[in-house]
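Here are the chains, one letter per residue:
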Amino acid sequence: MKKVSVIIPVYNMEKYLERCVTSVRKQTLDEIEIILVDDGSRDYSSYLCDLHAKDDPRIKVIHKENMGVGLARNSGLDMAEGEYVTFIDSDDYIHPETLEKAYAKAKEHDADIVRYGCMKEKSEKGEWIAVIEPNCLLDGKDEIHRYMLDLIASEPAGKKERLHGMGVWSGIYKREVIENTPPIRFFSERDVVSEDLLFNVMFLQRARCLCNMSESFYFYCHNTSSLTRGDFNPQTVDRLKKQHGVLSSCLRGCSEASFRIDRFYVGMLCSYIQKIAASKDTKTKKSALDDVLNNDFIHDVVKRYATFTMPIQRKMYSLFILKKKRILLLFFAMAYRLMKEILNKD
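Here goes a summary of the coordinates provided. (Residues numbered from 1 in each chain as written. Predicted model: local features only at pLDDT ≥ 70, side-chain atom pairs only at ≥ 80, totals over all residues. Heavy atoms only, no water.)

1. Side note on the pattern of salt bridges
Stage number 1. A complete count under the given rule lists 28 salt bridges for this structure.
Stage number 2. Across the pair Arg 260 and Glu 256 runs a salt bridge whose closest N-O atoms are separated by 2.8 Å. Taken as a pair, Arg 260 and Glu 256 lie in helix 9 (residues 255-278) at a separation of 4 residues, close to a single helical turn.
Stage number 3. Residue classification places Glu 256 among the partly exposed residues on the basis of a relative accessible area of 26%.
Stage number 4. Note that Asp 290 is salt-bridged to Lys 286, the shortest N-O span being 3.3 Å. Taken together, the residues span about one helical turn, with Asp 290 and Lys 286 both in helix 10 (residues 282-293) at a distance of 4 residues.
Stage number 5. One network of salt bridges, in which partners are shared, links Arg 146, Asp 150, Glu 155, Glu 256 and Arg 260. (Salt bridge = Lys/Arg side-chain N within 4 Å of Asp/Glu carboxyl O. Helix = DSSP H or I, 4+ residues; strand = E, 2+ residues; numbered from the N terminus. Buried < 20%, exposed > 50% of the residue type's maximum accessible area, 1.4 Å probe, protein only.)

Right, here's the structure in full:
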């Protein structure tokens, strides 16, 4: 059995694919398999996948109709044979010792999941920041449940949006846990706002041992064409509602979880409003804001959320939403976005 299966969804990434795949082929852990899932690419990505497979017998290629990252990862999971599984976005890359060190840590503690930090590229200028969490070992359902809640969102009074990263690319997962009945699979990002978060929640509900490494092994690169960095999507309101429903169903009966889920929802909603404010399409912008202001589900969540504990900017968003003040909401979102951009430059 291979020690780690590396699943890489690929869609129109000819510019970055060589760097990504090469970083995996050069891993110091040799007993791996690399699954490239060509998700209906229209550029030379498909050809490059096949070229790598000819050069390296550890590489398998799946060519499929375009259905998005989440379902592409599922195709990889269906083929995976490794003891552990990890996921890499094709415009990113990893440190040469990533899999060797993560796998060694997993075997040392018989961990179901080993997570590590990343280096995040701030801009195309090559500025990087380390995003890490301290070394820790969580052994037991209660500790992991607390970790899972903090991954969804912080407590209402918490200053940080969440204490742990949502991305599935920041660790390795025991495949046996994933494949237990029923198998864990990704939702489509076309239906929800974070398929990574949902996968992690479902996995952590089954996990009994989690290990975190403070090393920054994953390189999260700046790519303006990435799905996560584009213009606003008018379907986000529906996707947010679906995400809220799935999370609530997964964590039914946990009263504390409901506050975290609501905070996640409100946080993602505010991010969506900021994207609307940044749009240059005035007509679409007005329509999108009206959809937010007139949505009953949004009003219900914002009303029941612990507004008195919110940071001041969240209180302002909530006030303008509940009062249906479109112009004030728009100008506040624009001003807040501009302020963040200025602070980030400094």
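2. Overview of the nonpolar core
Stage number 1. Membership of the largest hydrophobic core comes to 69 residues, with the highest contact counts inside it found for Phe 87, Phe 199, Leu 269 and Ile 273.
Stage number 2. Counting residues per element, this core draws most heavily on helix 9, at 11 residues.
Stage number 3. Those residues in contact with Leu 269 that sit more than four places away from it in its chain are Leu 240, Val 292, Ile 298, Val 302 and Ile 321.
Stage number 4. Val 6, Leu 17, Leu 29 and Tyr 218 belong to the second largest nonpolar core, which has 36 residues in total. (Core = buried A, V, L, I, M, F, W, Y, C linked by side-chain atoms within 4.5 Å. Contact = heavy atoms within 4.5 Å.)

3. Examining the pairing of strand 2 (residues 32-39)
Stage number 1. Judged by how many residues are buried, strand 2 sits mostly within the fold: 8 of 8 residues are covered.
Stage number 2. Alternating positions in strand 2 separate into two faces, Ile 32, Ile 34, Leu 36 and Asp 38 on one and Glu 33, Ile 35, Val 37 and Asp 39 on the other, with burial throughout.
Stage number 3. Relative to strand 2, strand 1 (residues 4-10) runs parallel, the two sharing 7 bridges. Counterpart to Ser 5 in the pairing with strand 2 is Glu 33.
Stage number 4. The handedness of the strand 1 to strand 2 crossover, carried by helix 1 (residues 17-25), is right-handed.
Stage number 5. The pairing of strand 2 with strand 3 (residues 59-64) spans 6 bridges and is parallel. Bridge pairing in strand 3 links Val 37 to Ile 62.
Stage number 6. One crossover worth recording links strand 2 to the parallel strand 3 by way of helix 2 (residues 45-55), and it is right-handed. (Pairing = 2+ DSSP bridges. Right-handed = clockwise from strand over helix to strand, strands pointing away.)

4. Section: the packing of aromatic side chains
Each aromatic ring pair is specified by the distance between its two centres and by the angle formed by the two planes.
Stage number 1. Summed over all chains, the structure comprises 18 aromatic pairs.
Stage number 2. Ring centres 5.0 Å apart and planes at 90° place the aromatic pair Tyr 173 and Phe 203 in the edge-to-face group. Of the two residues, Tyr 173 is situated in strand 9 (residues 171-174) and Phe 203 in helix 7 (residues 195-204); the sequence distance between them amounts to 30 residues.
Stage number 3. Taking relative accessible area as the criterion, Phe 203 reaches 0% and is therefore assigned buried.
Stage number 4. Note on Tyr 265 and Phe 297: the rings are 5.5 Å apart at their centroids and 75° apart in plane angle, and the pair reads as edge-to-face. Of the two residues, Tyr 265 is situated in helix 9 and Phe 297 in helix 11 (residues 296-304); the sequence distance between them amounts to 32 residues.
Stage number 5. Of the residues examined, Tyr 265 reaches a relative accessible area of 2% and is grouped as buried.
Stage number 6. One aromatic cluster is present, formed by Phe 87, Tyr 173, Phe 186, Phe 199 and Phe 203 through successive ring pairs.
Stage number 7. Seen from the ring of Phe 186, Arg 73 lies directly overhead, with NZ or CZ sitting 5.0 Å from the centre. (Phe/Tyr/Trp six-rings, centres within 6.5 Å; stacked < 30°, edge-to-face > 60°. Lys NZ or Arg CZ within 6 Å of the ring centre and 35° of its normal.)

5. Details of the packing of helix 9 against helix 10
Stage number 1. Close contact between helix 9 and helix 10 brings their axes to 9 Å; oriented N to C, the two are set at 160°. Considering their axes alone, helix 9 and helix 10 lie roughly antiparallel with respect to each other. The interaxial crossing formed by helix 9 with helix 10 has left-handed handedness. When helix 9 is examined against helix 10, the residues Leu 269, Tyr 272, Ile 273, Ile 276 and Ala 277 are found in contact with a partner set consisting of Lys 285, Ala 288, Leu 289 and Val 292.
Stage number 2. Taken together, the residues of the contact of helix 9 with helix 10 sort by class into 8 nonpolar, no polar and 1 charged. (Axes fitted to C-alpha atoms, helices over the stretch in contact; angles between N-to-C directions. Parallel < 35°, antiparallel > 145°, perpendicular 65-115°, else oblique. Left-handed = near helix turned anticlockwise from the far one by under 90°. Nonpolar A, V, L, I, M, F, W, Y, C, P; charged D, E, K, R; others polar.)

6. Considering the environment of Phe 259
Stage number 1. In this fold, Phe 259 is placed in helix 9.
Stage number 2. The sequence separation of Phe 259 and Ala 153 amounts to 106 residues, and the corresponding C-alpha distance is 8.7 Å.
Stage number 3. Not counting chain neighbours up to four residues away, the residues in contact with Phe 259 comprise Pro 156 and Tyr 305.

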